[in-house]
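# Summary of the model geometry
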Amino acid sequence: VIILLGGVVVLEDEVFKKRKLDKNKLIIYGFVKENNTYKYSKLIMDNSFRVDITIDSKGKVIGKVYDLDGDYEYTNFRLENVKGDFVNRVKEEFLKVLENIADNCFTKEYFLFPQSNRIANLIKEKYNVLPEFLWEDNPNFGVFRNENSNKWFGLIMNIDKSKLNSKENGEVEVINVKLDDLVDTYLKKDGIYPAYHMSKKSWVSVILDGTLSNEEVMSLIDISYELSNRKKEWLIPANPKYYDIVNAFNDTDTIIWKQSSNILVGDTIYLYIAEPYSCIMFKCSVTRVNIPYPYADKNVSMKKVMKIKLLKRYNDDEFTFKKLNDYGVRAIRGPRSVPSKLSEELNKS
C-alpha cells in the first residue's frame with residue numbers, strides 16, 4: 001500500500017516500513033553526518049538528476065530529487081495523477097536508491113511497532129519460533145506456532161484500536177494469546193481486551209503499545225504456549241454394527257482407525273461404542289497419523305487412517321451415554337473434544 005498525502009506519494013514511508021536504522025552502517029555506506037542528521041547524494045538518470053537523502057536521529061528518511069539541467073527540485077514522480085515513461089523512470093531510479101539504502105543500512109523487522117518486534121525477538125530467543133505470515137490480504141499478521149503440536153500460541157495483528165471495544169481510533173498492534181479458564185481474570189487488567197477475530201472464550205487480545213511491560217506480555221505468552229503444548233483429548237464414536245470394535249483389542253494393543261484431519265500424534269482418543277452398548281469403552285493414544293488408506297463401502301469412506309494404542313478399558317457401566325449427558329455431551333456424531341470435567345473423571349478411573 002503506497003501512502004498518499006493530498007495526492008502526493010510518500011515512497012520513503014513505504015520502503016522503510018518495518019525497518020530499523022543501523023547508524024553504524026551509514027558512514028560505511030557513504031553518508032556524511034551533520035549535527036544529528038546523516039546526508040547522502042547520488043546521481044541518477046545519466047547524471048542529469050541528483051538524489052539527496054537525509055536521515056534524522058530517529059531514522060526518518062526524506063529524499064529529494066533535483067533536475068541538474070534546470071537546477072530545481074523535481075517532484076512530478078510523486079504526484080498520483082502524473083503518468084508517463086519519463087516520470088516512471090525517475091520514480092524507478094529513486095526507488096532503487098531508497099531500496100539499496102534500506103537493504104544496506106537498515107535491519108528488517110517483523111512488525112510495525114517497537115514492542116511487537118521486541119516481543120517477536122523474545123519469542124524467538126525463548127521458543128526458537130519465528131512468525132509466519134500466511135495471508136496476502138493481511139501481510140502484517142504474524143502467527144506463532146508451537147512446533148511440537150503445530151498449534152498456534154500467538155497471533156500479532158495490526159488493527160484499528162476501535163475494534164478493541166475502545167473509544168479511541170488509530171492503528172495499533174495486538175497479540176492474541178490463549179488463556180482458556182484464565183480469560184475472565186486477565187480481562188480485568190488494562191491493555192487486555194476480548195479477543196479480536198478469535199474465540200473470546202479462550203483467547204484475549206493484548207495491546208502492544210507499552211501498556212503492559214515486555215515481561216507481562218511474555219508471561220501471558222508462556223501460558224498460551226503451555227496450553228498449545230498440551231495434547232488434545234477426543235471423543236470418537238464407533239459403531240459395532242459395522243466393525244467389531246468390542247473385540248478389536250483382544251489380540252493386539254494397536255489398531256488403525258479412520259482419522260480426522262485435526263488429530264495429532266500424542267492425542268488421546270476415547271472410543272464411544274454405540275448401541276447396544278452406548279458407553280465409552282476404550283482410552284487410546286495416537287501413535288501415528290496421516291497413513292494413506294483409500295477405502296469406501298456402503299457404511300464408511302476414508303482417505304487416511306491413524307494408529308491408536310490401547311491405554312485403558314472401562315467397564316460398560318462407568319461412562320454410559322446418560323452419564324455423559326451430565327457433562328454436557330448430548331450427541332457423538334463425529335470426533336469432538338472432551339469437556340474438561342469429563343476428562344478429569346476419565347483420568348481418575
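An account of the accompanying structure is given in this report. (Residues numbered from 1 in each chain as written. Predicted model: local features only at pLDDT ≥ 70, side-chain atom pairs only at ≥ 80, totals over all residues. Heavy atoms only, no water.)

## Some points on the packing of aromatic side chains
Inclusion rule: For Phe, Tyr and Trp, rings pair up if their centres lie within 6.5 Å, where Trp contributes its six-membered ring, and each pair is then called stacked (planes under 30 degrees apart), edge-to-face (over 60) or tilted (otherwise). The secondary structure listing takes helices from DSSP runs of H or I that are at least 4 residues long and strands from runs of E that are at least 2 residues long, numbered from the N terminus. With a 1.4 Å probe rolled over the protein chains alone, any residue whose accessible area is under 20% of its type maximum counts as buried; one over 50% counts as exposed, and the rest are partly exposed.
On inspection of all chains with the given rule, the structure shows 23 aromatic pairs. Ring plane angle 55° and centroid distance 4.8 Å describe the contact between Phe16 and Phe106, whose orientation is recorded as tilted. With Phe16 in the loop between helix H1 (11-15) and strand E3 (19-21) and Phe106 in strand E9 (residues 106-108), the pair connects residues that are 90 residues apart, well separated along the chain. Taking the relative accessible area as the measure of exposure, Phe16 reaches 10% and is therefore buried. When its relative accessible area of 4% is taken as the criterion, Phe106 is described as buried.

## Quick look at the layout of surface pockets
As a reminder of what qualifies: Cavity: a set of points on a 1 Å grid over the protein atoms alone where a 1.4 Å probe fits but cannot get out. Pocket: an open set with protein on both sides within 12 Å along at least five of seven lines, its lining residues, like those of a cavity, having an atom within 4 Å of a point. Grid points are joined across faces, edges and corners, and a volume is the space filled by probe spheres set on the points. All amino acids are sorted into three groups, where Ala, Val, Leu, Ile, Met, Phe, Trp, Tyr, Cys and Pro are nonpolar, Asp, Glu, Lys and Arg are charged, and the leftover types, Gly among them, are polar.
What the largest pocket holds in volume is close to 920 Å³. Contributing to the lining of the largest pocket are 28 residues, with Lys178, Asp180, Arg230, Lys231 and Lys232 lying nearest its centre. Of all the secondary structure elements, the ones that give two or more residues to the lining of the largest pocket are helix H6 (214-229), strand E15 (233-238), strand E20 (336-337) and helix H8 (340-348). Looking at the lining of the largest pocket element by element, the count peaks at three residues for H6. Split by residue class, the lining of the largest pocket holds nine nonpolar, nine polar and 10 charged.

## A look at the packing of helix H4 (residues 114-127) against H6
To keep things clear, this is the line we draw: Angles run from 0 to 180 degrees between N-to-C directions of axes, and those axes are lines fitted to C-alpha atoms, restricted for helices to the stretch in contact. Angular relationships are summarised with four words: roughly parallel below 35 degrees, roughly antiparallel beyond 145, roughly perpendicular across 65 to 115, and oblique for the angles in between. With the far helix as reference, a near helix turned anticlockwise by less than a right angle produces a left-handed crossing, and one turned clockwise produces a right-handed crossing. Whether two residues touch is decided by their heavy atoms; if any such pair falls within 4.5 Å, the residues are in contact.
Packing of H4 against H6 brings their axes to within 11 Å, and their N-to-C directions diverge by 50°. Here H4 lies oblique to H6, going by the angle between them. Classified by chirality, the crossing of H6 by H4 is right-handed. When H4 is examined against H6, the residues Gln115, Arg118, Ile119, Leu122, Ile123, Lys126 and Tyr127 are found in contact with a partner set consisting of Asn214, Val217, Met218, Ile221, Asp222 and Tyr225. Here the contact of H4 with H6 is built from residues that sort into eight nonpolar, two polar and three charged.

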